[in-house]
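The primary structure of each chain is shown beneath.
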Amino acid sequence: AQKVTQAQTEISVVEKEDVTLDCVYETRDTTYYLFWYKQPPSGELVFLIRRNSFDEQNEISGRYSWNFQKSTSSFNFTITASQVVDSAVYFCALSEYTGTASKLTFGTGTRLQVTL
Amino acid sequence: DAGITQSPRYKITETGRQVTLMCHQTWSHSYMFWYRQDLGHGLRLIYYSAAADITDKGEVPDGYVVSRSKTENFPLTLESATRSQTSVYFCATKTGPNGLYEQYFGPGTRLTVT
């Protein structure tokens, strides 16, 4: 069965610090997708990024960057120069195709608190 | 463009009552999902649907029933609500080949069972 582990339950940083959120996954499939979602205090779930298992290029989007390493089954998320607005719960997720549909398995989330 | 809507947004009900949570999408995505979110558990899949009239169980289906007679609607029914079903419920849709791409979530329904 697929599994996603986010070992960091909660992280607190001061604004402008860099912070990395860890995500480790388990899957037996060769084709899969990895995702990061953000859940701000308002409660909605916001999609941030999708990465497929055949694309190990790192991605940067503004202050956000993602490091995908198949060798260690990790898909880590770094926020550079964090801001108070980054305070949220961040979820890593894994999608596998089961033959009838694909399903997402979520990690338990990492709560990021950015203070002034 | 409303995307995904859920109703009600907040609901308080008593143990033993039947409750139906509604989910409606305007995109005509084939795949729809119901999750519950509880502290310490992240999001757990209750039921999903690959198309109208096709539904299947997820990780925590007990006590829930779904139907999908139309592509755009995917109601979730708690047949006899229990306190353990107090949670935030999210509906989601998905697109992409075999539905492998990202899911888009509704705003959630906060359900309290007293």
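Below or above, wherever it landed, is the structure these notes cover. Predicted, not measured: the structure shown is a model, and the values here were computed from it. (Residues numbered from 1 in each chain as written. Chains lettered and ligands numbered in written order. Predicted model: local features only at pLDDT ≥ 70, side-chain atom pairs only at ≥ 80, totals over all residues. Heavy atoms only, no water.)

## Observations concerning the interface of chain B and chain A
Test applied: In this analysis, two residues are considered to be in contact whenever any of their non-hydrogen atoms come within 4.5 Å of each other. Joining two parts hides part of their accessible area as seen by a 1.4 Å probe, and the buried area is that hidden amount summed over both. Think of a salt bridge as a Lys or Arg side-chain nitrogen and an Asp or Glu carboxyl oxygen that are within 4 Å of each other. We define a polar contact as two N or O atoms separated by no more than 3.5 Å, with the added condition that, inside protein, one atom must be a possible hydrogen donor and the other a possible acceptor, whereas residues neighbouring each other in sequence contribute only through side-chain atom pairs. Under the scheme used here, helices are H or I runs from DSSP no shorter than 4 residues and strands are E runs no shorter than 2 residues, and both carry numbers assigned from the N terminus. For this classification, the nonpolar set comprises Ala, Val, Leu, Ile, Met, Phe, Trp, Tyr, Cys and Pro, the charged set comprises Asp, Glu, Lys and Arg, and every other residue, Gly included, is treated as polar.
Facing the 20 residues of chain B at the interface are 21 residues of chain A. Across the interface of chain B and chain A, roughly 1,900 Å² is buried in total on both sides, 60% from carbon and sulfur atoms. Taken together, the connections running from chain B to chain A amount to one salt bridge. Between Arg50(A) and Glu102(B) there is a salt bridge, with the nearest N and O atoms lying 2.6 Å from each other. At the surface where chain B touches chain A, the tally comes to four residue pairs in polar contact (both at pLDDT 80 or more). When residues of the side of chain B that touches chain A are traced back to their parent elements, those giving at least two are strand 4 (31-38), strand 5 (42-51), strand 9 (87-94) and strand 10 (103-105) of chain B. Of the residues belonging to the side of chain B that touches chain A, the class tally is 11 nonpolar, seven polar and two charged.

## Thoughts on the pairing of strand 5 of chain B
Residues and elements named next belong to chain B. Selection rule: Here's how the labels work: a residue is buried when its accessible area is under 20% of the maximum for its type, exposed when over 50%, partly exposed in between, all with a 1.4 Å probe on protein chains only. We call two strands paired when DSSP finds no fewer than two bridges between them.
A large share of strand 5 lies buried, amounting to nine of its 10 residues. With seven bridges joining them, strand 4 and strand 5 adopt antiparallel strand pairing. Looking across to strand 5, one finds that Met 32 is bridged to Ser 49. Hairpin connection from strand 4 to strand 5: three residues lie between these consecutive antiparallel strands, with Gly 40 at a positive phi of about 85°. Where strand 5 lies against strand 6 (residues 54-57), four bridges are found, and the strand directions are antiparallel. Among the inter-strand pairings, Tyr 47 is bridged to a residue of strand 6, identified as Lys 57. Where strand 5 folds back on strand 6, the antiparallel hairpin that results is connected by two residues, among which Asp 53 adopts a positive phi of roughly 70°.

## As for the side chain of Lys38(A)
All names here are of chain A. The criterion, for reference: When charges are counted, neither His nor the chain ends are considered; positive counts come from Lys and Arg and negative counts from Asp and Glu.
Among the secondary structure elements, Lys 38 is positioned in strand 5 (residues 32-39). For the buried Lys 38, no salt bridge exists, and the shortest N-O distance to an oppositely charged side chain is 4.6 Å, to Asp 86. Of note is the side chain of Lys 38, whose polar atom sits 3.2 Å from the backbone oxygen of Val 85. Non-local contacts of Lys 38, meaning those with residues more than four positions away in its chain, are made with Glu 44, Leu 45, Val 46, Leu 48, Tyr 64, Val 85, Asp 86, Ala 88, Val 89 and Tyr 90.

## Things to note about the nonpolar core
Under the convention used in this document: We define a nonpolar core as any set of buried Ala, Val, Leu, Ile, Met, Phe, Trp, Tyr and Cys residues linked to one another through side-chain atoms lying within 4.5 Å.
Core analysis: the biggest nonpolar cluster contains 23 residues, and Trp36(A), Phe77(A), Tyr90(A) and Leu112(A) have the highest contact counts within it. Of all the secondary-structure elements, those providing two or more residues to this core are strand 2 (10-14), strand 3 (19-21), strand 5, strand 8 (64-69), strand 9 (74-79), strand 10 (88-97) and strand 12 (110-115) of chain A. With four residues, strand 10 of chain A is the single largest residue contributor to this core. One finds Leu45(A), Phe33(B), Leu43(B) and Ala50(B) within the second-largest nonpolar core, a separate group that totals 20 residues.

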